[in-house]
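One-letter residues, chain by chain:
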Amino acid sequence: MSAWLLSLEGTAAGHQLALYLAILAAFLHAVFGALQKGRHDPWLTRGAIDASYALIAAPFALFVVPWPEPHMWLIFAGAWAIHICYKLLQAQAYTKGAYTVVYPVVRGTGPFFTVIGAYLLFGEVFTATQWFGVAVLMAGIFGLAI
């Protein structure tokens with residue numbers, strides 16, 4: 001499957017597939033947000049969504065991609081812990097505030113903290129154009145709150 005995906009790179013079919021996947025991702029993201037802030041318990045909804053993710057990903061993780069090298073497991077454990085904290089804090093925020101306020105804060109600050117984390121943890125240095133891209137992204141998302 002990897003060879004097939006790589007063969008699509010730079011082709012019209014690859015561009016078409018990328019477009020369809022981006023539209024599907026946007027739609028699913030909106031559905032996720034509506035479910036998370038909907039009339040049901042956000043903790044139960046969050047758990048059901050995450051369990052569904054695990055069921056969908058398990059066959060790929062177990063049978064398609066190669067197992068990580070042993071030194072990577074500590075990195076994965078750290079990433080998992082950070083992600084769990086993020087999910088718990090996000091669910092807590094949705095129980096406390098209006099969706100139109102919480103969503104831009106949750107989604108708009110992510111790119112900024114990712115760039116800061118990449119600098120602090122990995123010594124990544126970003127160009128002015130890349131910083132401008134982060135600023136435009138954040139402005140767009142925070143613009144939704146206004």
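Before any of the text, the structure's been laid out above.
Attention here is on the structure that accompanies the text. None of these values were measured; they are calculated from a predicted model. (Residues numbered from 1 in each chain as written. Predicted model: local features only at pLDDT ≥ 70, side-chain atom pairs only at ≥ 80, totals over all residues. Heavy atoms only, no water.)

1. Some thoughts on the overall build of the protein chain
Keep this limit in mind: Helix numbers and strand numbers start at the N terminus; a helix is a DSSP run of H or I with at least 4 residues, a strand a run of E with at least 2. Working definition: with a 1.4 Å probe on protein chains only, accessible area under 20% of the residue-type maximum means buried, over 50% means exposed, and in between means partly exposed. Note on definitions: a residue-residue contact is assigned when non-hydrogen atoms from the two residues lie within 4.5 Å. Residue burial considers only the protein chains on display, and all accessible areas are found by Shrake-Rupley using a 1.4 Å probe. Charge counting follows a simple rule: Lys and Arg are positive, Asp and Glu are negative, and His as well as the terminal groups are ignored. Note on charges: their place is set at NZ of Lys, CZ of Arg, CG of Asp or CD of Glu.
Scanning the protein chain for helices and strands turns up six helices and zero strands. Helices and strands appear in the protein chain in the N-to-C order α-α-α-α-α-α. In terms of its C-alpha atoms, the protein chain occupies a principal-axis envelope of roughly 45 × 40 × 35 Å. The burial tally for the protein chain puts 16% of its 146 residues in the buried class. Look at the contacts in the protein chain between residues 6 or more apart in sequence, and 52% of them connect residues 24 or more apart. With an accessible surface of roughly 10900 Å², the protein chain has 77% of that area assigned to carbon and sulfur atoms. Distance between charge centroids for the protein chain: 20 Å, based on 6 positive and 5 negative side chains.

2. Some details on the packing of aromatic side chains
Heads up, the rule is: In this scheme Phe, Tyr and Trp rings, the latter by its six-membered ring, pair at centre separations within 6.5 Å, and the angle between planes marks the pair as stacked below 30 degrees, edge-to-face above 60, and tilted otherwise.
Taken as a whole and assessed by the stated rule, the structure comprises four aromatic pairs. The interplanar angle of 80 degrees and the centroid separation of 6.0 Å between the aromatic rings of Trp 73 and Phe 76 together place this pair among those described as edge-to-face. Separated by three residues within a single helix, Trp 73 and Phe 76 lie in helix 4 (residues 72-96), roughly one turn from each other. The exposure class of Phe 76 is partly exposed, given its relative accessible area of 38%. Centroid distance Phe 126 to Trp 131: 6.0 Å. Interplanar angle 80 degrees. Geometry classified as edge-to-face.

3. Details of the packing of helix 4 against helix 5 (residues 99-122)
What counts, and what does not: The axes used here are C-alpha line fits, helices contributing only the stretch in contact, and every angle between their N-to-C directions lies in the interval 0 to 180 degrees. Orientation is classified from the angle alone, with under 35 degrees giving roughly parallel, over 145 giving roughly antiparallel, 65 to 115 giving roughly perpendicular, and any other angle giving oblique. Rotating anticlockwise by less than a right angle from the far helix to the near helix defines a left-handed crossing, while the corresponding clockwise rotation defines a right-handed one. Note on residue classes: Ala, Val, Leu, Ile, Met, Phe, Trp, Tyr, Cys and Pro are nonpolar, Asp, Glu, Lys and Arg are charged, and everything else, Gly too, is polar.
For the pair helix 4 and helix 5, interaxial distance at closest approach is 9 Å and the crossing angle is 160 degrees. Accordingly, the angle class assigned to the pair helix 4 and helix 5 is roughly antiparallel. Crossing handedness for the pair helix 4 and helix 5: right-handed. On helix 5, the residues touching Tyr 86, Gln 90, Ala 93 and Tyr 94 of helix 4 are Tyr 99, Val 102, Tyr 103, Val 106 and Arg 107. Per-class residue counts for the contact of helix 4 with helix 5 are seven nonpolar, one polar and one charged.

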